[in-house]
Amino acid sequence: MPDEKPVTFAMQCLLIILMAEARELPNARIADRGLDLKKEYRDRLVQRGWITARKAGRGISLDLTEAGWAEAIAQLGADPPKGAGAGGAALYTVLGRLRGYLDRSDLAASDLFAAAEDDDAEIDVRIRKAYAEIAMTPGEMVSLAALRPRLAGATRPEVDAALVALSSAPDVRIIPESNQKTLSDAQREAAVSIGNQDRHLIAIGV
């Protein structure tokens, strides 16, 4: 049954943040910015079909759906919600000016809020995205040698640390190649050491 409860200002702010970032974000990162939306309100956004929320490690990551993008874009030029206060008035003034800029420049909102550079994303989110681009199905084993080139801009220690952290996630497996003789030099170089063991393959969604 559709959620017919009113949308709060904080819920609208979450949509606006996800629109501005134009990518999936860990909920913890959003909370660090000062918007710690209660689970009840996140669930209502999911029920409305405006966001997706998926488990990522020990937390969850949020992203806009197509309908959520439409709702967020509708805030450009809209009036501030009731109870938004001075901060809401300032935010919606800026959003209104952005709407005017888009109209004058004959630009779509997607041109303004282009997908953020992957280099700025959390490494674990980038790893999951890169895996999804390579794997044919969730849970398929993918070589780290194929994964690492898709993480340009991140340092080797950053990627290794993220892989070690992800290895404890319930939906992630990072294992050694069972037949070590088949490994190429590139595959050996791409391995990550976890528990004093070189591991060459990753599966997500298991």
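Residues numbered from 1 in each chain as written. Predicted model: local features only at pLDDT ≥ 70, side-chain atom pairs only at ≥ 80, totals over all residues. Heavy atoms only, no water.

### Quick look at the overall build of the protein
To keep it simple, the criterion reads: Each helix is a run of DSSP H or I of at least 4 residues and each strand a run of E of at least 2, with the numbering of both proceeding from the N terminus. With a 1.4 Å probe rolled over the protein chains alone, any residue whose accessible area is under 20% of its type maximum counts as buried; one over 50% counts as exposed, and the rest are partly exposed. Throughout, a residue-residue contact means that at least one pair of heavy atoms, one from each residue, lies within 4.5 Å. His residues and chain termini do not enter the charge count, which takes Lys and Arg as positive and Asp and Glu as negative. Where a charge lies is defined by one atom per residue type: Lys uses NZ, Arg uses CZ, Asp uses CG and Glu uses CD.
Each helix and strand counted, the protein has 10 helices and eight strands in total. Projecting the C-alpha coordinates of the protein onto the three principal axes gives extents of approximately 65 × 40 × 30 Å. Scored against the burial criterion, the 206 residues of the protein give a buried share of 38%. Of all intrachain contacts in the protein linking residues separated by at least 6 positions in sequence, the fraction that spans at least 24 positions is 63%. Charge separation in the protein, taken as the distance between the mean sites of 26 positive and 30 negative side-chain charges, equals 4 Å.

### Considerations on a nonpolar patch on the surface
Selection rule: Each patch is built from residues lacking any salt bridge and having more than 30% relative accessible area; the joining distance is 9 Å for like charges and 5 Å for nonpolar side chains (Val, Leu, Ile, Met, Phe, Trp, Tyr). All accessibility values rest on the Shrake-Rupley procedure with a 1.4 Å probe; residue burial counts only the protein chains present in the view. Each salt bridge in this description consists of a side-chain nitrogen of Lys or Arg and a carboxyl oxygen of Asp or Glu lying within 4 Å of one another.
Together, Tyr101, Leu107 and Leu112 make up a nonpolar patch on the protein surface, roughly 230 Å² of accessible area in all. With respect to the helices, strands and loops of the structure, Leu107 is situated in the loop between helix 5 (85-105) and helix 6 (109-112).

### Looking at the pattern of salt bridges
Here the structure, examined in full by the defined rule, presents 10 salt bridges. Two residues, Asp103 and Arg99, come together in a salt bridge whose shortest N-O distance is 3.4 Å. Taken together, the residues span about one helical turn, with Asp103 and Arg99 both in helix 5 at a distance of four residues. On the basis of relative accessible area, Asp103 is assigned to the exposed category, the value being 52%. Taken together, the salt bridges that share partners define one network made up of Arg148, Arg156, Asp160 and Glu189.

### Notes on the pairing of strand 3 (residues 59-64)
Selection criterion: Two strands are said to pair when DSSP picks up at least two bridges between them.
Pairing of strand 1 (residues 25-26) with strand 3, which is carried by two bridges, proceeds in the antiparallel orientation. Paired with Leu25 across the strands is Leu62, a residue of strand 3. With six bridges joining them, strand 2 (residues 51-56) and strand 3 adopt antiparallel strand pairing. In the strand pairing of strand 3, Ala53 is matched with Leu62.

### Quick word on the sheet that holds strand 2
Condition: Orientation is described by lines fitted to C-alpha atoms, with helices fitted over the stretch in contact, and by angles between N-to-C directions that extend from 0 to 180 degrees.
Strand order in the open sheet formed by three strands is 1-3-2, with antiparallel pairing between adjacent strands. Edge positions in the open sheet fall to strand 1 and strand 2, since each of these has one partner strand only. Running at roughly 120 degrees to strand 2, helix 3 (residues 39-47) makes contact with strand 2 and strand 3 of the sheet.

### Notes on unusual backbone geometry
Notably, Asn196 is not glycine yet its phi reads approximately 60 degrees, a positive angle. By the element assignment, Asn196 lies in the loop between strand 6 (192-193) and strand 7 (198-199).

### Focus: the sheet that holds strand 5 (residues 172-175)
Pairing between sheet strands relies on hydrogen bonds along the backbone, with the strands arranged either parallel or antiparallel. Sheet architecture is open: three strands sit in the order 4-8-5, paired in antiparallel fashion. Two strands in the sheet have a free side with no partner beyond their single neighbour: strand 4 (142-143) and strand 5. In this sheet, strand 8 (residues 201-204) lies alongside strand 4 in antiparallel orientation, the contact comprising two bridges. Across the sheet, the residue bridging to Val142 is Ile202, located in strand 8. Contacts between helix 7 (residues 123-134) and the sheet are confined to strand 4, strand 5 and strand 8, with strand 8 contributing the most and set at about 95 degrees to the helix.

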